[in-house]
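Residues per chain, in single letters:
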Amino acid sequence: MRQLAAERRAGKRDAATTAAAIEAEAQRAREREAALRMETETADHKIGRPLSQYRDTEPQPMSERQRLAIKERRDQEAAKEAERLEAVRKAEAELVETHRKIAALQRQVLTDPKFYDVDLYVNPELVNASMPTPEAVKFNVQAFDSFIDSTPSFLPSPRNLDMLGDYFERHGVRIVSTTMLERLYKRMIEAGVPFEQLEPEPEPEPKPEQKRKVSLRIAPPAGPLTYEGWNQETGVKEVYSERQVARMSSEQYRRVFRLTPDKLTLPNVGPGPKPQR
């Protein structure tokens, strides 16, 4: 029994050793396979190229074939852009023409008695309304007055009023409201129906700026300059001309005009000693 147990333990150890060896061999096989795959995938790659090779490499001139290819590609792109812009221009022109035709048709429907407007709007409360003629006339006058007050752009001329009134009359509408008039006027404006307009007041002509003349000349005195002094011989006051004063000496000037030292001193306007008299 002991021998059998020993043999079994030995068999288990051999099996474990064999399994470990098989697993190690399988791991080595996987590593070899990964290395071979890496070598195959990076066979054409150059890793670690010196930077000096990039610096020393000069740009090669473009060949004629390359220039022609670039020019052809640019011409194709420009042609496509021009074609796109032309398509947009045609679409816009067709849209403008369509709007013009629709507006012309709307003007006919709104103004020509031969056409019936399927978009005629009537207030729901007035669809089956009925009232005596005097009351209907009064009601319509109030509606027109309210419409005119609320629509400053509308000129209440006879022609403009007839355009609105004729529209409702040819459609068999005898009673109108302010809302109906506002909607009709808005549709006519959008369709380009010509209404009479107030003539703009002419702008006042700008007045020419009046330039003030400034004279730089000094006006001469009204008369000759004279000075009042005292005659040295008679002692009475005498009038001296500017020329006479200019010919006087300083001593004579002081005596004629009696300029004493006390009159030549400045007045005392601040703190300090007062002059002695």
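Procedures and definitions
- Residues numbered from 1 in each chain as written.
- Predicted model: local features only at pLDDT ≥ 70, side-chain atom pairs only at ≥ 80, totals over all residues.
- Heavy atoms only, no water.
- Helix = DSSP H or I, 4+ residues; strand = E, 2+ residues; numbered from the N terminus.
- Buried < 20%, exposed > 50% of the residue type's maximum accessible area, 1.4 Å probe, protein only.
- Areas by Shrake-Rupley, 256 points an atom, 1.4 Å probe, with all protein chains shown as cover.
- Salt bridge = Lys/Arg side-chain N within 4 Å of Asp/Glu carboxyl O.
- Contact = heavy atoms within 4.5 Å.
- pLDDT = per-residue confidence, 0-100.
- Core = buried A, V, L, I, M, F, W, Y, C linked by side-chain atoms within 4.5 Å.
- Pairing = 2+ DSSP bridges.
- 1 Å grid on protein atoms, 1.4 Å probe; cavity = no way out; pocket = protein on both sides within 12 Å on 5 of 7 lines; lining within 4 Å.
- Points joined across faces, edges and corners; volume = space filled by probe spheres on them.
- Nonpolar A, V, L, I, M, F, W, Y, C, P; charged D, E, K, R; others polar.
- Expected span 1.5 Å × (residues − 1).
- Axes fitted to C-alpha atoms, helices over the stretch in contact; angles between N-to-C directions.
- Parallel < 35°, antiparallel > 145°, perpendicular 65-115°, else oblique.
- Left-handed = near helix turned anticlockwise from the far one by under 90°.

A word on the overall build of the chain
Within the chain, the regular secondary structure consists of 9 helices and 2 strands. Starting at the N terminus, the α and β elements of the chain follow one another as α-α-α-α-α-α-β-β-α-α-α. Counting all 277 residues of the chain, 15% fall into the buried class. When the accessible area of the chain is evaluated, it comes to approximately 24500 Å², of which 55% is carbon and sulfur surface.

Here's the deal with the pattern of salt bridges
Following the criterion strictly, the structure yields 10 salt bridges and no others. The residue R100 makes a salt bridge to E97 at a minimum N-O spacing of 2.5 Å. Of this pair, R100 and E97 are both found in helix α3 (residues 64-111), 3 residues apart, which corresponds to roughly one turn of the helix. Salt bridges linked by common partners bring E25, R28 and R32 together as one network.

What about the side chain of T178?
Of note, T178 is situated in helix α6 (residues 178-191). When near neighbours in sequence (up to four residues on either side) are disregarded, T178 contacts A143, S146 and F147.

Quick word on the confidence of the model for the chain
Averaged over all residues, the pLDDT of the chain is 78; the fraction at 70 or higher stands at 75%. Segment residues 265-274: pLDDT under 50, and 1 contact once partners within four positions in sequence are set aside and those in other chains are kept.

Describing the nonpolar core
The biggest cluster of nonpolar side chains holds 22 residues, and the ones touching the most others in it are L164, F168, V176, L181, L184, M188 and F195. Elements with a minimum of two residues in this core: α4 (133-150), α5 (158-170) and α6. The biggest single contributor to this core is α6, with 6 residues. Setting aside anything within four residues of it in sequence, one finds F195 in contact with F154, R159, N160, M163, L164, Y185, M188 and I189. Formed by 5 residues, the second largest nonpolar core is a distinct cluster that contains Y240, V245, V256 and F257.

Let's talk about the pairing of strand β1 (residues 226-230)
As paired elements, β1 and strand β2 (residues 237-241) share 5 bridges and run antiparallel to each other. Looking at β2, one finds that Y227 is bridged to Y240. If you look at the hairpin formed by β1 and β2, you'll find 6 residues sitting between the two strands, and G235 has a positive phi there, around 80°.

Describing the layout of surface pockets
Roughly 520 Å³ of internal volume is contained in the largest pocket. Going through the elements one at a time, α4 and α5 are the ones with two or more residues in the lining of the largest pocket. For the lining of the largest pocket, the per-class residue count stands at 15 nonpolar, 4 polar and 4 charged.

Some remarks on α4
The terminal C-alpha atoms of α4 lie 26 Å apart, and with 18 residues this matches the ideal 26 Å at 1.5 Å per residue to within 8%. In this structure, the buried residues of α4 make contact with α5 and α6.

Side note on the packing of α3 against α6
Following both chains from N to C, one finds α3 and α6 inclined at 140°, their axes separated by 8 Å at the closest point. Taken together, α3 and α6 sit at an angle that is classed as oblique. Crossing handedness for the pair α3 and α6: left-handed. Residues A103, Q106, R107 and L110 of α3 touch α6, and the partners they reach there are L184, R187, M188 and A191. Among the residues making up the contact of α3 with α6, the classes are represented as 5 nonpolar, 1 polar and 2 charged.

A word on α3
For α3, with 48 residues, the first-to-last C-alpha span of 70 Å sits near the 70 Å given by 1.5 Å per residue. All buried positions along α3 are accounted for by A103, V109 and L110. Close packing links the buried residues of α3 with α5 and α6.

Observations concerning the side chain of S177
Tracing the backbone shows S177 in the loop between α5 and α6. By relative accessible area, S177 is classed as buried at 10%. When near neighbours in sequence (up to four residues on either side) are disregarded, S177 contacts N123, L126 and A143.

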